[in-house]
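Here is what each chain is made of, one letter per residue.
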Amino acid sequence: MALLSRALRVATAHPGWIPSQGLGLRPLTRAAGPTTKKSVPYQRTLKEEQGPLVVARGPSQPLPSEANVVVIGGGSLGCQTLYHLAKLGVSGAVLLERERLTSGTTWHTAGLLWQLRPSDVEVELLAHTRRVVSHDLEEETGLHTGWIQNGGLFIASNRQRLDEYKRLMSLGKAYGVESHVLSPAETKALYPLMKVDDLYGTLYVPHDGTMDPAGTCTTLARAATARGAQLSHPQVIENCPVTGIQVRTDDFGVRRVAAVETEHGSIQTPFVVNCAGVWAGAVGRMAGVKVPLVAMHHAYVVTERIEGIQNMPNVRDHDASVYLRLQGDALSVGGYEANPIFWEEVSDKFAFGLFDLDWDVFTQHIEGAINRVPVLEKTGVKSTVCGPESFTPDHKPLLGEAPELRGFFLGCGFNSAGMMLGGGCGQELAHWIIHGRPEKDMYGYDIRRFHHSLTDHRHWIRERSHESYAKNYSVVFPHDEPLAGRNMRRGPLHEELLGQGCVFQERHGWERPGWFSPCGAAPVLHYDYYGAYGHQVHQDYAYNRLLGDEYTFDFPPHHDTIKKECLACRGAAAMFDMSYFGKFYLVGQDARKAADWLFSADVSRPPGSTVYTCMLNHRGGTESDLTVSRLDPEPQAPPLAPAFEGDGYYLAVGGAVAQHNWSHITSVLQDQRFRCQLIDSSEDLGMISIQGPASRAILQEVLDADLSNEAFPFSTHKLVRAAGHLVRAMRLSFVGELGWELHVPRAACVPVYKAIMAVGAKLGLVNAGYRAIDSLSIEKGYRHWHADLRPDDSPLEAGLAFTCKLKSAVPFLGREALEQQRASGLHRRLVCFTVDEKVPMFGLEAIWRNGHVVGHVRRADFGFTIDKTIAYGYIWDPSGGPVPRTALWPGDRLQGDRDPAGASQTPPASPPHIFHPSPKTKHP
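Residues numbered from 1 in each chain as written. Predicted model: local features only at pLDDT ≥ 70, side-chain atom pairs only at ≥ 80, totals over all residues. Heavy atoms only, no water.

1. Quick notes on the overall build of the protein
Then, number 1: Per the secondary structure count, the protein includes 20 helices and 41 strands.
Then, number 2: Out of the 924 residues in the protein, the part that is buried amounts to 63%.
Then, number 3: Carbon and sulfur atoms make up 51% of the accessible area of the protein, which totals about 33,400 Å². (Helix = DSSP H or I, 4+ residues; strand = E, 2+ residues; numbered from the N terminus. Buried < 20%, exposed > 50% of the residue type's maximum accessible area, 1.4 Å probe, protein only. Areas by Shrake-Rupley, 256 points an atom, 1.4 Å probe, with all protein chains shown as cover.)

Encoded structure:
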């Protein structure tokens, strides 16, 4: 039996060789082909539950001719989705598995469940999985799923890592997750075999644990089938490969799912859920749906028996990129390496198979494991487990209805976390199918988060998926940016701003200005794969060096640079390039009806008006906030507007969520059968915004229009000429200052920009980026969608009731839910905090009242005008009752988890030229 220490020495000294399970050495096999003869932790379970692997002789039971939902794939997500569909009362649901349950990627997973993640939604999803596996299934079926609660231990080798864990702990308190920060000595007492002299501390979560994949999926299937006895028998049909997806086109030209084809017949169905794991891409292609994921080898080894390891918690040593999972009286050792192996040709014959372990790749984990638990140096390797897993460009799952095909849902791309997220995501998928949307905010998982130009861009998907894999255990810093998949979509001012020191951020393919460095240009270079696969690491990489300054939970070195941008905007003016915004036209015979239904505010105003509004879902949650400008029906000048009959509106939405907005609007138009068009002009137009007290004086010299308050009121727009070019000027502000947005044809952006900057140089105009926007807007109290405002937040809870036409009789999507919420009282409210001590905050911090957690911070930033940190978070009454309108209980003082904080329902006080207390305040 090879020892881990010998594996480390041999692999280092003799690349291309790996330790044998017996005596001597054998050549390294790099072939992608799988083998099924491996000693794996779940071999006994598989044989007992399912019998030996045999050649499929046909489906395990007859196929129905029709079904209400067909789930494809019998792994964790497929079984969880079927179970939750049954639990919600869906009749006629069918799961099709091409081999046996768990045969693809689920069967060999490590099965770890960690309750704390840097997202409140993920914490809730994990909590539901844990509840299902540790309690619900056993109570329903009388079967043990294999859940073992032995706790989890996160290792911190430096202060920043421990700061990250403290943020997780703070968020966990808001959701009842018990956790403790331990000193090295306390860690040693808990885990005597651990080396602790190089530790800064640890985070201990006692109710973490592990799941048995086979036991869990088998129990889920039995529970779903048992519930089906009262429904129409949800069926699990094994040995039934899917060969095609039939699609129909309805009378309005919309593609919809019609049936699932198999080797043994077809099933008519309106809903298909693609839970096929690494094979999800192939299933998607059957339906003409793009599935942005890649398949990679992912491995761990199982040790021989270790005396004294029994009952120890599972360990994640993020800095060593290794995890240690308790496996009875042994350990499973795995991690995430910088050079994972891609499975280039995904085989559809793969089932209960594994790859040969490439020790050249895996060896890096051994060193970290031995350093953390030294007894491993003399411990043998009992088995190696190297199987396929699917990974995505942002290391988040792919869920929801595909924008290309109505009724086709995704439940895949789980980045080796399908077991731990499966219960929560299965429940949300079931709600999505039944009710048209999930209960929780699932935007971060929704397939619609990716722009359509990226979902089949193999080069981008490969680069981003590699980086996400390699950085999986990296500290999650608030202002980190990817180095992979950059420069995919660039605005018309990109080169101009780059030369002036712009440090760009990336948002779903778009490069947008983050801040401006006085040290000169810092271009984003091609991806070097962190030196993996023979790539040369970039030397003296200015952008990477500036990005490294962001790797802190303190103020970064360029804190004062961002301050100068903010104060220039408050004192004079700032130029913001917002070209990455989504720019849509809604035009046609039913455009006014569609606008009335889609938008919560009254947008049926005279042409030339611009309205800030929200778009809601049927639960009253906020799918978007945006500006809607009513267009004059007279012929326009392309590309500033298309020719149209009927009514027309121009929509400006945040670029990071443009695809989400497009998909939401499109779905509503289809469901309501409105006769109108949605036209995307995002690539055709740039967007230059001039904000600040001097903006009128600057633009008056550039635009051929009277910019006085009487001639150009706030919240209006006009077609004007700027430096000889026709542009659409809108008088709007997103920072609480006098300002205009110029929507400019792409070819005219550079000359218009240069003309403005030439005039502005005399009046203090500066370039500024989104870091300044974040600070300036939070001072004003403007909401940021998907931070302060999400699909599970209503405008009433967020203090945006003024965006809802509830005083009118006009129906709109979500109105009934808002009226019910208003009648019963709000059980959550968004509250603003300022922190007296000069400390940074970034969100996730728990909010306390009289020793009880009453919420957590969603968004925080430093307000340079008031020289304080500002935070926004939702609070609730622990007793479960409505939160008072003031959002404060009389006589109480709320405080954040780290620092005393005063709370109010309005933005913080600041100099008179910051117009508040509410975003609807009139501007001069």
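2. Notes on the environment of Pro513
Then, number 1: Positionally, Pro513 belongs in strand S24 (residues 510-516).
Then, number 2: Using a relative accessible area of 1% as the deciding quantity, one classes Pro513 as buried.
Then, number 3: On a C-alpha basis, the gap between Pro513 and Cys502 in space is 6.1 Å, while along the polypeptide they are 11 residues apart.

3. Here's the deal with the side chain of Asp208
Then, number 1: By the secondary structure assignment, Asp208 is in the loop between strand S8 (201-205) and strand S9 (209-210).
Then, number 2: No salt bridge is formed by the buried Asp208; its nearest oppositely charged neighbour, Arg130, is found at 6.2 Å.
Then, number 3: In this structure the side chain of Asp208 is engaged in a polar contact, spanning 3.0 Å, whose partner is the backbone nitrogen of Gln115.
Then, number 4: Setting aside chain neighbours within four positions, we find Asp208 in contact with Leu113, Trp114, Gln115, Trp147, Ile148, Gln149, Asn150, Gly151 and Gly152. (Lys, Arg positive; Asp, Glu negative; His and termini not counted. Salt bridge = Lys/Arg side-chain N within 4 Å of Asp/Glu carboxyl O. Polar contact = N/O pair within 3.5 Å; in protein donor to acceptor, adjacent residues only side chain to side chain. Contact = heavy atoms within 4.5 Å.)

4. Considering the nonpolar core
Then, number 1: If you look at the biggest cluster of nonpolar residues, it comprises 139 residues, and the most contacted ones within it are Leu96, Tyr191, Leu331, Leu376, Phe408, Leu421 and Cys425.
Then, number 2: If one sorts the elements of this core by residue count, helix H10 (residues 418-435) sits on top with eight residues.
Then, number 3: Counting 34 residues, the second-largest nonpolar core is a separate cluster that includes Ile698, Val702, Val727 and Leu742. (Core = buried A, V, L, I, M, F, W, Y, C linked by side-chain atoms within 4.5 Å.)

5. Observations regarding empty space enclosed by the protein
With a probe scaled to a water molecule rolled over the atoms, the places where space remains empty come into view.
Then, number 1: Summed over all chains, the structure comprises six cavities of 30 Å³ or more.
Then, number 2: Looking at the lining of the largest cavity, the elements with two or more residues in it are strand S15 (294-303) and H10.
Then, number 3: The residue inventory of the lining of the largest cavity, partitioned by class, reads 11 nonpolar, eight polar and three charged.
Then, number 4: Within this model, the second largest cavity holds a volume of roughly 80 Å³.
Then, number 5: Around the second largest cavity, the lining residues are His297, His298, Ala299, Glu337, Ile341, Leu357, Asp358, Val361, Phe362 and Cys386.
Then, number 6: Contributions of two or more residues to the lining of the second largest cavity are made by S15 and helix H9 (359-372).
Then, number 7: Looking at the lining of the second largest cavity element by element, the count peaks at three residues for S15. (1 Å grid on protein atoms, 1.4 Å probe; cavity = no way out; pocket = protein on both sides within 12 Å on 5 of 7 lines; lining within 4 Å. Points joined across faces, edges and corners; volume = space filled by probe spheres on them. Nonpolar A, V, L, I, M, F, W, Y, C, P; charged D, E, K, R; others polar.)

6. Let's talk about the pairing of strand S28 (residues 622-630)
Then, number 1: Most of S28 is tucked away: nine of the nine residues are buried.
Then, number 2: Of the strand pairs in this sheet, S28 and strand S29 (residues 647-653) are connected by four bridges, and their pairing is antiparallel. In the strand pairing of S29, Ser629 is matched with Tyr650. (Pairing = 2+ DSSP bridges.)

7. With respect to the layout of surface pockets
Then, number 1: If you add up the space inside the second largest pocket, you get close to 1,000 Å³.
Then, number 2: Along its surface, the second largest pocket is lined by 50 residues, and Glu401, Arg406, Arg448, Ser663 and Ser667 are the ones closest to its centre.
Then, number 3: Going through the elements one at a time, strand S12 (255-262), H10 and helix H16 (658-672) are the ones with two or more residues in the lining of the second largest pocket.
Then, number 4: Counting residues per element, the lining of the second largest pocket draws most heavily on H16, which supplies 11 residues.
Then, number 5: In terms of residue class, the lining of the second largest pocket is built from 20 nonpolar, 16 polar and 14 charged.

8. A word on the environment of Leu398
Then, number 1: Assignment of secondary structure puts Leu398 in strand S20 (residues 398-401).
Then, number 2: Leu398 sits 123 residues away from Cys275 along the chain, and the two C-alpha atoms are 9.8 Å apart.
Then, number 3: In this structure Leu398 touches Val291, Pro292, Leu293, Thr392, Leu410, Gly411, Cys412, Gly413, Tyr445, Ile447, Arg449 and Phe450, once residues within four positions along its chain are discounted.

9. Thoughts on the sheet that holds strand S6 (residues 152-156)
Then, number 1: Within the open sheet, the eight strands sit side by side as S7-S8-S6-S16-S17-S18-S15-S19. Their pairing is mixed. Each end of this open sheet is capped by a strand with a single partner; those strands are strand S7 (180-182) and strand S19 (381-391). Across this sheet, the average inter-strand angle for adjacent strands is 20 degrees, counted without regard to direction.
Then, number 2: Summarising the sheet, S6 and strand S16 (residues 314-317) pair through four bridges and their orientation is parallel. Pairing of Ile155 across the sheet is with Asp317, part of S16.
Then, number 3: Docked against the sheet, H9 engages S6, S15, S16, strand S17 (322-327), strand S18 (330-335) and S19, running at close to 125 degrees with respect to S18. (Axes fitted to C-alpha atoms, helices over the stretch in contact; angles between N-to-C directions.)

10. Comments concerning helix H15 (residues 591-598)
Then, number 1: When H15 is considered as a whole, its buried residues turn out to be Ala591, Ala594, Ala595, Asp596 and Leu598.
Then, number 2: Its buried side turned inward, H15 meets strand S26 (582-588), strand S27 (610-616), S29 and H16.

11. Observations regarding the packing of helix H4 (residues 120-141) against H10
Then, number 1: Contact pair H4 / H10: the axes reach a minimum separation of 7 Å and the direction vectors enclose 100 degrees. Relative to H10, H4 is oriented roughly perpendicular. Residues Leu125, Leu126, His128 and Thr129 of H4 form the contact with H10, whose own contacting residues are Met419, Met420, Leu421, Gly422, Gly423, Gly424, Cys425, Gln427 and Glu428. (Parallel < 35°, antiparallel > 145°, perpendicular 65-115°, else oblique.)

12. Things to note about the confidence of the model for the protein
Then, number 1: Mean pLDDT over the protein stands at 90; residues scoring 70 or higher make up 89%.
Then, number 2: Scored below 50 in pLDDT, residues 14-54 shows 92 contacts in the model against residues more than four places distant or in partner chains.
Then, number 3: Note that pLDDT drops below 50 for residues 890-900; the model gives that stretch 34 contacts with residues more than four away or on any other chain. (pLDDT = per-residue confidence, 0-100.)

13. Observations regarding unusual backbone geometry
Then, number 1: We note that Ser416 has phi near 65 degrees; this positive angle belongs to a residue other than glycine.
Then, number 2: Of note, the phi angle at Asp867 is positive, near 60 degrees, even though the residue is not glycine.
Then, number 3: Along the polypeptide, Asp867 turns up in the loop between strand S38 (852-863) and strand S39 (868-875).
Then, number 4: By relative accessible area, which is 40% here, Asp867 ends up partly exposed.

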